[in-house]
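# Analysis of the macromolecular model
This is what each chain is made of:
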Amino acid sequence: MIFVGEGALLWRAVRHTLDSGLAVDLVCGPAADGGAAPPGVRHLAAADVNTVADELAAACTDGLVWSVNNRMIFRAPVLSAGLRVLNVHHGPLPAYRGMPEVALVYAMLGGEAEFAATLHRVDEGIDTGPVLAREPYPIGAEEPYHVVMRRGLQVCHRLFERCLPLAAADPDWPGDPGASVGAGDGGYYGRTALARLPLWREHPEYARATDLGFLAGYLPELAEALG
């Protein structure tokens, strides 16, 4: 199987896969992230995963591609290569599509008491593919953003751990029963939504929902938008 993405969440998933006795054929992501690859794991540097679609297809021994903490958008070159692409999305789909770090701010501003990690099959849209599994978690009424986000990342990994053996064992794995219930258009939280966040400064939950804490250095776009 192949992994596409970057950062600690990706490499944690890669190490767990290896520890589970499963093969990792290749990891694809930004060049700067290659130094974190475990011994024996090949890292393919790419700014656009679609430009290396042929290399991914040639390297993949089981037809399975995992997208974990991945900002690159899969297009036809990859999606028409006969690969199953599964994405671990931090956010309940379809309600919170787009940039997870932005979606979580809006969820907290909207008074959501729960968020979720979602596993879905990637299609031509952005976070619009069939939902295979979800793992909800609570948002405490007094908890700042950085506490909630950290919990969410842990839940994302837990979801990956649970679904890895199921997806690896069965190419036709349909997902958890009822996981896709409630499908619809939902909301999209991209860079336009990011730029509008300062307009919420007078909201009573703004300080809590934008308290990045130790995560400020890891979320530079969000930190810059919040000023």
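The structure reproduced in this document is the subject of the present report.

The strand order across the open sheet formed by seven strands is β3-β2-β1-β4-β5-β7-β8, and the pairing between neighbours is mixed. If you trace the sheet from one side to the other, it starts and ends with β3 (43-45) and β8 (131-138), each paired once. Along the sheet, successive strands turn relative to each other by an average axial angle of 20°, direction set aside. Two strands pair when backbone bridges link them, and strand β4 (residues 64-68) and strand β5 (residues 84-90) are joined in this way by five bridges, in the parallel orientation. Paired with Val68 across the bridge in β5 is Val88.

Tallied over the full model, the rule gives nine salt bridges. A salt bridge links Arg42 to Glu55, with the nearest nitrogen and oxygen atoms 3.4 Å apart. With Arg42 in the loop between β2 (26-29) and β3 and Glu55 in helix α2 (residues 53-59), the pair connects residues that are 13 residues apart, well separated along the chain. A salt bridge links Arg162 to Glu135; the nearest nitrogen and oxygen atoms lie 3.4 Å apart. Here Glu135 lies in strand β8 and Arg162 lies in helix α5 (residues 145-169), a separation of 27 residues in the sequence. Judged by relative accessible area, Arg162 falls into the partly exposed class, the value being 31%.

Counted residue by residue, helix α4 (residues 100-109) has nine buried out of ten residues, so it is predominantly covered. Immediately downstream of α4, the backbone of Gly111 shows phi near 80°, a positive value.

Moving on: the side chain of Glu101. The residue Glu101 is located in helix α4 in this model. A distance of 2.6 Å separates polar atoms of two side chains, one belonging to Glu101 and the other to Arg71. Beyond its immediate stretch of four places on either side in the chain, Glu101 contacts Arg71, Tyr145, Met149, Leu219 and Leu222.

A few words on unusual backbone geometry. Between Leu93 and Pro94 the backbone carries a cis peptide bond, its omega angle lying at 5°. Structurally, Pro94 can be placed in the loop between β5 and β6 (96-98). Of note, the phi angle at Asn69 is positive, near 50°, even though the residue is not glycine. Examined against the element boundaries, Asn69 turns out to sit in the loop between β4 and α3 (76-79).

Per the stated rule, a full pass over the model turns up one cavity of 30 Å³ or more. In this structure, the largest cavity spans a volume of roughly 30 Å³. Along the walls of the largest cavity sit Leu9, Ala13, Val68, Val88, Cys156, His157 and Phe160, which together make up its complete lining. For the lining of the largest cavity, the secondary structure elements donating two or more residues are α1 (7-19) and α5. By residue number, the principal contributor to the lining of the largest cavity is α5, which donates three residues. Considering only residue class, the lining of the largest cavity consists of six nonpolar, one polar and no charged.

Rules of the game
- Sequence order as written defines residue numbering, which begins from 1 separately in each chain.
- Totals for whole chains, interfaces and linings use every residue, but because this is a predicted model, local features are given only for residues with pLDDT of at least 70 and side-chain atom pairs only at 80 or more, for both listing and counting.
- Working from all heavy atoms in the structure, the side-chain values ignore hydrogens and water.
- At least two DSSP bridges between two strands are required for those strands to pair.
- The numbering of helices and of strands both runs from the N terminus, where a helix is a DSSP run of H or I of at least 4 residues and a strand a run of E of at least 2.
- Note on geometry: axes are lines fitted to C-alpha atoms, helical ones only across the stretch in contact, with angles between N-to-C directions running from 0 to 180 degrees.
- Any carboxyl oxygen of Asp or Glu within 4 Å of a side-chain nitrogen of Lys or Arg constitutes a salt bridge here.
- The classification of residues rests on relative accessible area computed with a 1.4 Å probe and restricted to protein chains. Under 20% of the type maximum is buried, over 50% is exposed, and intermediate values are partly exposed.
- In protein, a polar contact means a hydrogen-donor-capable atom and an acceptor-capable atom, both N or O and within 3.5 Å, with residues adjacent in sequence counting only if both atoms are side-chain atoms; elsewhere, any N or O pair within 3.5 Å suffices.
- The criterion used for residue contact is that any of the two residues' heavy atoms lie within 4.5 Å.
- Detection works on a 1 Å grid of protein atoms alone, calling trapped sets that fit a 1.4 Å probe cavities and calling open sets with protein on both sides within 12 Å along at least five of seven lines pockets, with lining residues defined by an atom within 4 Å of a point.
- Grid points are joined across faces, edges and corners, and a volume is the space filled by probe spheres set on the points.
- When residues are grouped by polarity, Ala, Val, Leu, Ile, Met, Phe, Trp, Tyr, Cys and Pro land in nonpolar, Asp, Glu, Lys and Arg in charged, and all others, Gly among them, in polar.

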